[in-house]
Number of protein chains: 2
Amino acid sequence: MVATAVMENATRRTRSGRPLRGERAAKAVGVPYIVRNIPTYDILSEENLQKIERTADRILAEVGIEFRDDPVAVEHWKRAGAKVEGVLVRFEPGMLREIVSTAPAEFTQHARNPEHNVRIGGKNVVFSPAYGSPFVMDLDKGRRYGTLDDFQNFIKLAQSSPWLHHSGGTICEPVDVPVNKRHLDMVYSHVKYSDRAFMGSITAEDRAEDSIDMARILFGADFVDQNCVILGNVNVNSPLVWDGTMTKSLRAYARANQAAVIVPFILGGAMGPVTNAGAIAQSFAETLAGCALTQLERKGAPVIFGNFLSSMSLRSGSPTFGTPEPAIGSMVVGQLARRLHLPLRCAGNFSNSKLPDGQAMQEGLMSMMSAVHCGANFILHSAGFLDGLLAMSYEKFVMDADLCGALHSYLAGVTVDDNTLAMDAFLQVGPGSHFLGCDHTMRNYQTAFWDSALSDNEPFEKWSDEGGSTDIATRANRQWKKTLAEYEAPPLDIAVDEALCDYVTRRKAAMADAWY
Amino acid sequence: MVATAVMENATRRTRSGRPLRGERAAKAVGVPYIVRNIPTYDILSEENLQKIERTADRILAEVGIEFRDDPVAVEHWKRAGAKVEGVLVRFEPGMLREIVSTAPAEFTQHARNPEHNVRIGGKNVVFSPAYGSPFVMDLDKGRRYGTLDDFQNFIKLAQSSPWLHHSGGTICEPVDVPVNKRHLDMVYSHVKYSDRAFMGSITAEDRAEDSIDMARILFGADFVDQNCVILGNVNVNSPLVWDGTMTKSLRAYARANQAAVIVPFILGGAMGPVTNAGAIAQSFAETLAGCALTQLERKGAPVIFGNFLSSMSLRSGSPTFGTPEPAIGSMVVGQLARRLHLPLRCAGNFSNSKLPDGQAMQEGLMSMMSAVHCGANFILHSAGFLDGLLAMSYEKFVMDADLCGALHSYLAGVTVDDNTLAMDAFLQVGPGSHFLGCDHTMRNYQTAFWDSALSDNEPFEKWSDEGGSTDIATRANRQWKKTLAEYEAPPLDIAVDEALCDYVTRRKAAMADAWY
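Worth saying up front: this structure is predicted, and the values here are computed from it rather than measured.

This brings us to the pairing of strand S8 (residues 135-138) of chain B. The two faces of the sheet receive side chains in turn, since in a regular strand these alternate between them. Residue and element names in this part refer to chain B. Side chains Phe-135 and Met-137 of S8 all project onto a buried face; the interleaved residues Val-136 and Asp-138 project onto the opposite face, where all are buried too. Where S8 lies against strand S19 (residues 391-393), three bridges are found, and the strand directions are parallel. Note that in S19 the partner of Met-137 across the bridge is Ser-393. Relative to strand S9 (residues 142-145), S8 runs antiparallel, the two being bridged by four bridges. Its bridge partner being in S9, Met-137 is matched across the sheet by Arg-143. Linking S8 back to S9 in an antiparallel pair, the connection comprises three residues.

Below you can see the structure in the form of structure tokens.
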């Protein structure tokens with residue numbers, strides 16, 4: 001009864017006051033990014049951090065990193081004073097730290113809608129969709145290869161969520177488009193169906209340059225030269241190899257003053273040591289070298305210190321995701337990245353489950369909490385990731401986006417002031433009564449608690465009788481269909497749209513289809 | 001291929017060396033409790049902690065707490081120098097802190113198998129099953145009232161898990177036994193079907209005393225007088241009321257030198273302020289008063305500083321569980337409890353979902369991670385909790401127990417030493433190769449990573465073709481049935497068994513059945 005009174009009052013207040021969180025969600029009005037109000041969770045001592053850094057220094061000085069198929073990169077290293085033998089490059093301790101010191105600790109990535117600009121680095125947290133799956137899946141049709149339609153659907157779902165901040169990059173592979181032309185459709189789709197910041201291609205240097213050229217059409221060439229408007233996520237070929245395809249793309253982004261995200265993917269026991277400390281040291285060394293290379297290409301270019309640690313199942317030899325060791329490792333990587341004063345990409349919402357089930361959400365949250373705790377600034381793979389990144393799930397995408405909403409509240413921490421300490425409420429209510437209708441509650445309840453749009457919080461009888469006894473995946477299935485049905489594209493300047501279409505048409509015409 | 005070689009080698013090594021983690025799981029040989037190797041996550045500043053403490057002091061001094069229907073408790077407060085008006089008791093700042101200073105910061109709860117003794121307080125973490133549901137559920141039969149059979153099944157599942165450390169208390173209500181006799185069957189079942197530490201009844205003073213008497217039969221009266229062998233979980237009737245039923249049970253445990261767990265359940269906006277800081281201050285005040293009362297009953301009696309924060313759905317007025325605000329609140333409560341040097345019970349594996357689905361595991365893990373991060377020493381509700389604690393789920397129980405296994409690895413943190421830094425591996429492997437067969441991997445892989453017994457980590461094709469495309473709840477369904485089928489009761493001295501049965505029979509004969 002009292003709860004009902006509060007609810008009625010809530011409805012009345014909402015009409016005149018600021019909207020309820022549920023309404024905000026429906027209108028997809030969130031914040032452009034989060035400014036964290038809780039500290040990072042620093043789990044390792046100074047002494048142990050230094051041991052890891054010293055091991056990274058030894059790896060760089062004694063083992064070295066190969067830079068294959070990119071003579072320009074090797075020349076950069078020679079000029080910088082590294083020891084070069086063929087493609088193997090070795091670095092004196094301290095050299096790479098010195099080089100990366102010219103990269104900004106924090107920068108803005110511009111979106112075509114300035115209200116969606118994101119600030120990357122410092123205390124800022126940006127949630128971006130998962131990236132790179134060849135397959136998509138939903139509860140109706142199961143798993144199948146992703147298409148451009150799917151790709152655009154996920155952009156629309158991200159754009160519609162108030163809890164994601166970024167449109168992402170290769171959300172899924174549109175395999176119905178030739179491999180060498182996909183990037184054109186992908187970049188165009190991000191611009192067309194979203195007004196948020198996005199990522200370009202990195203799978204070949206000319207694709208990176210196409211991506212950046214399209215950004216120049218959107219933002220203007222001069223603006224792009226002075227501002228970050230596109231990210232490129234480049235991978236190390238661990239252990240200790242930088243492939244020419246990647247360094248050429250890395251350099252293309254840096255050259256254009258755009259931010260490369262430098263990411264080793266280390267499956268412990270395969271591409272790196274099976275022990276966490278060693279894998280972290282390797283990851284640190286590999287990323288540090290990539291970050292430094294961006295500065296040799298263009299001093300002051302923005303760069304993001306990235307990381308992707310994974311573990312292995314003893315029983316099958318398969319990679320495992322969302323397990324405790326990489327979660328712990330992420331926290332250490334975060335501590336190390338902050339000592340370099342570089343923006344951090346770390347962890348995400350990882351799972352190896354094939355379905356949006358309990359395993360998926362447990363693994364995803366363990367991984368996502370580590371991203372949040374480690375101080376990651378750009379959290380790629382925040383939504384949709386299933387099957388060890390082989391499949392983007394429609395249901396998990398909206399479940400994860402909802403979780404990202406909860407993490408907005410988590411990262412807000414606890415406000416401690418006279419209002420939240422509520423002494424007036426204690427004096428008003430006293431022992432043995434309740435706070436449902438008191439002044440303090442009426443003043444604060446609208447913003448007090450995260451209220452998930454997908455979780456069921458009804459009494460059992462209402463859930464079973466009126467709600468159809470659904471699980472969250474079933475509710476998510478309804479949710480993404482409803483969101484797509486209601487989606488409206490953000491307005492795009494017609495001249496820009498035409499110029500982009502012209503660019504895509506012209507570039508496609510210049511290439512034969514390649515399917516691998 | 002290489003992975004297969006590692007696996008084959010693993011099998012060989014296992015025969016001669018120490019067992020794989022999977023085998024350990026099968027044999028239910030874990031550790032008796034965890035000694036955490038990661039720091040607590042302290043999110044609030046000293047200044048803000050003091051503000052909360054000062055608010056708690058003001059609540060205690062200006063509003064006070066009612067101690068209803070327990071004249072002995074009121075007399076205790078009078079003698080201790082509190083301001084008493086009828087049942088309302090007010091406390092000068094600092095008074096309760098002074099009183100609780102005689103409680104131990106850490107103590108051992110003894111199990112009938114000494115190998116399962118648990119150490120509560122300090123850096124120790126004990127996982128205990130969920131507590132108090134009237135219903136049970138499984139995927140085959142759905143939800144129904146719990147019975148003594150169910151109760152015993154959950155004891156068997158807990159006893160069989162290497163990742164739980166404690167047998168718990170009222171795991172579910174055995175509603176087929178009269179209310180006034182249940183405690184006898186519950187305590188007997190814990191002793192009979194588990195050799196781990198357990199909890200007794202608190203629903204009436206004589207039931208608390210029966211529970212302790214049965215512990216005396218098991219351990220010997222002198223031993224019980226000097227050692228903790230049973231816990232009683234007592235609840236505050238928030239806001240700011242201690243009910244006589246609870247304080248009488250609290251005093252019964254303290255009098256016997258047994259540990260009461262002092263727990264306010266605060267649903268923000270109903271039993272406490274809707275803002276976190278105020279709810280924390282209230283919770284702190286209520287728990288502090290309960291802890292102090294144990295010391296007035298028997299100075300030096302062990303006591304656990306407990307806490308249960310919850311939030312509310314704006315849309316329905318229902319309580320919500322596993323949401324971000326209570327998770328954050330737990331971290332603050334942990335900081336406050338450590339300043340009192342008292343063992344902490346905080347958070348758990350909470351969910352409002354009606355099924356063991358993605359919602360259940362996401363909410364459960366957010367809550368469980370807060371328990372782990374806040375430094376909780378005794379984590380009640382570690383396994384099985386669904387539907388806002390109205391139902392114990394068989395499937396979620398084994399899923400949660402598996403998660404507790406993962407948390408063993410999480411709490412182990414990162415070991416940083418010459419072996420884990422793996423410099424020998426980098427020198428051996430070099431750039432562009434792999435670590436699958438290297439000496440370092442062979443030396444370390446068996447203990448490197450948590451390997452869940454329930455999560456699917458197979459390739460998609462194997463999962464769908466050979467695995468039947470199961471979700472984790474389906475695998476959990478198979479697992480609990482297999483575990484129950486293979487369960488063997490730990491040996492119990494026949495004379496003790498008979499003495500306990502005699503006690504139960506005699507006590508039951510002395511009471512008429514009561515069903516409410």
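Moving on from the model shown.
Residue and element names in this part refer to chain A. The strand order across the open sheet formed by four strands is S3-S4-S2-S12, and the pairing between neighbours is mixed. Of all strands in the sheet, those bounded by a partner on one side alone are strand S3 (83-85) and strand S12 (241-242). Of the pairings in the sheet, the one linking strand S2 (residues 65-67) to strand S4 (residues 88-90) comprises two bridges and is antiparallel in character. Directly across from Glu-66, in S4, lies its bridge partner Leu-88. Here helix H3 (residues 46-63) sits on the sheet in contact with S2 and S4, set at roughly 130° to S4.

Pairing within the open sheet is mixed, and its four strands lie in the order S9-S8-S19-S18 (chain A). Strands at the two margins of the open sheet, each flanked by one partner only, are strand S9 (142-145) and strand S18 (385-386) of chain A.

Once that is clear, we can look at the nonpolar core. Looking at soluble globular proteins, one finds that nonpolar side chains tend to be buried together. By size, the foremost hydrophobic cluster in this structure holds 322 residues, and its most contacted members are Phe67(A), Trp77(A), Phe91(A), Phe67(B) and Trp77(B). Contact partners of Phe67(A), with chain neighbours within four places excluded, come to Ala73(A), Val74(A), Trp77(A), Val87(A), Val89(A), Phe91(A), Trp242(A), Thr247(A), Ala289(A) and Leu293(A). Judged by nonpolar contacts, the second largest core, of 11 residues, contains Phe449(A), Val274(B), Met312(B) and Leu314(B).

Okay, helix H6 (residues 148-160) of chain B next. All names here are of chain B. In this model, H6 (13 residues) spans 18 Å end to end at C-alpha, consistent with the 18 Å of a helix rising 1.5 Å per residue. Most of H6 sits inside the fold, with 11 of its 13 residues counted as buried. Leu-148, Asp-150, Phe-151, Gln-152, Asn-153, Phe-154, Ile-155, Lys-156, Leu-157, Ala-158 and Gln-159 are the residues of H6 that are buried. In this structure, the buried residues of H6 make contact with S8, S9, helix H7 (182-193), S19, helix H14 (394-412) and helix H19 (472-486).

Moving on to the relation of the copies chain B and chain A. For the pair chain B and chain A, the superposition axis carries a translation of 0.0 Å, the fit reaches an RMSD of 0.0 Å, and the rotation angle comes to 180°. Those values place the two copies in the arrangement expected of a two-fold rotation axis. When each C-alpha of chain B is compared by its distance to the rotation axis, Gly358(B) comes out closest, at 2.0 Å. Of the residues that chain B buries at the interface, 100% are likewise interface residues in chain A, meaning the two copies contact each other through the same surface.

A word on the pairing of strand S13 (residues 259-267) of chain B. Residue and element names in this part refer to chain B. Judged by how many residues are buried, S13 sits mostly within the fold: eight of nine residues are covered. Alignment of S13 against strand S14 (residues 303-305), held across three bridges, turns out to be parallel. In the sheet register, Val-261 faces S14, and the bridge partner there is Ile-304. Following the chain from S13 across helix H11 (residues 276-297) to the adjacent parallel S14, one finds a crossover that is right-handed. Note that S13 and strand S15 (residues 308-312) share three bridges and pair parallel. Within the sheet, the bridge partner assigned to Phe-265 lies in S15 and is Phe-308.

The subject of this paragraph is the pattern of salt bridges. All names here are of chain A. As enumerated under the stated definition, the model contains 70 salt bridges over all chains in all. Notably, a salt bridge pairs Arg-119 with Glu-106, separated by 3.1 Å at the nearest N-O pair. Taken together, the residues span a long stretch of sequence, with Arg-119 in strand S6 (residues 118-121) and Glu-106 in strand S5 (residues 106-109) at a distance of 13 residues. Exposure remark for Arg-119: the relative accessible area of 27% places this residue in the partly exposed category. Its relative accessible area of 32% is what places Glu-106 among the partly exposed residues. In this structure, the salt-bridge partner of Asp-400 is Lys-396, at a minimum N-O distance of 2.9 Å. Placement of both Asp-400 and Lys-396 in helix H14 (residues 394-412) is noted, with a separation of four residues, approximately one turn of the helix. Across the pair, Lys-396 and Asp-400 agree in class, each one buried.

As a further point, take the confidence of the model for chain A. All names here are of chain A. In this model, chain A carries a mean pLDDT of 94, and residues with pLDDT of at least 70 account for 94%. Within the model, pLDDT remains below 50 along residues 1-28, and this stretch shows 39 contacts once partners closer than five positions in the same chain are excluded. Under the prediction, the complex receives an ipTM of 0.94, its pTM being 0.95.

With that settled, consider the interface of chain B and chain A. Between chain B and chain A, the contact holds 121 residues from the first and 121 residues from the second. With both sides pooled, the region where chain B packs onto chain A buries about 10,000 Å², and carbon together with sulfur makes up 69% of that total. Where chain B touches chain A, the interface holds four salt bridges. Residues Lys354(A) and Asp456(B) are paired through a salt bridge, measuring 2.5 Å at the closest nitrogen-oxygen approach. If you tally residues by element for the side of chain B that touches chain A, the top one is helix H13 (residues 358-373) of chain B, at nine residues. Looking at the side of chain B that touches chain A, its residues break down into 57 nonpolar, 43 polar and 21 charged.

Two cysteines joined by a covalent bond between their sulfur atoms form a disulfide. Residues and elements named next belong to chain B. On inspection of all chains with the given rule, the structure shows zero disulfides over all chains. Unpaired in this structure, Cys-172 has its nearest cysteine sulfur neighbour in Cys-404, at a distance of 18 Å. Assessed through its relative accessible area of 0%, Cys-172 is described here as buried. With no disulfide of its own, Cys-501 lies closest to Cys-172 among cysteine sulfurs, the gap being 20 Å. Residue Cys-501 is classed as partly exposed on the basis of its relative accessible area, which comes to 30%.

Glancing now at the environment of Ala277(A). Following the sequence through the fold, Ala277(A) ends up in helix H11 (residues 276-297). Taking the C-alpha atoms as reference points, Ala277(A) and Leu184(A), separated by 93 residues in sequence, lie 40 Å from one another. The contact partners of Ala277(A), leaving out residues within four places of it in the chain, are Ile52(A), Val414(B), Thr415(B), Val416(B), Thr420(B) and Leu421(B).

Another point: the packing of H6(B) against H19(B). Residues and elements named next belong to chain B. Contact pair H6 / H19: the axes reach a minimum separation of 10 Å and the direction vectors enclose 90°. What the angle tells us is that H6 and H19 run roughly perpendicular. On the side of H6, the interface is formed by Asn-153, Lys-156, Leu-157 and Ser-160, while H19 contributes Trp-480, Thr-483 and Leu-484. Residues of the contact of H6 with H19, tallied by class, amount to three nonpolar, three polar and one charged.

Reading the values: the criteria
Residues numbered from 1 in each chain as written. Chains lettered and ligands numbered in written order. Predicted model: local features only at pLDDT ≥ 70, side-chain atom pairs only at ≥ 80, totals over all residues. Heavy atoms only, no water. Buried < 20%, exposed > 50% of the residue type's maximum accessible area, 1.4 Å probe, protein only. Helix = DSSP H or I, 4+ residues; strand = E, 2+ residues; numbered from the N terminus. Pairing = 2+ DSSP bridges. Contact = heavy atoms within 4.5 Å. Axes fitted to C-alpha atoms, helices over the stretch in contact; angles between N-to-C directions. Core = buried A, V, L, I, M, F, W, Y, C linked by side-chain atoms within 4.5 Å. Expected span 1.5 Å × (residues − 1). Least-squares fit on C-alpha atoms with pLDDT ≥ 70 in both. Right-handed = clockwise from strand over helix to strand, strands pointing away. Salt bridge = Lys/Arg side-chain N within 4 Å of Asp/Glu carboxyl O. pLDDT = per-residue confidence, 0-100. Buried area = accessible area lost by both parts, 1.4 Å probe. Nonpolar A, V, L, I, M, F, W, Y, C, P; charged D, E, K, R; others polar. Disulfide = S-S within 2.5 Å. Parallel < 35°, antiparallel > 145°, perpendicular 65-115°, else oblique.

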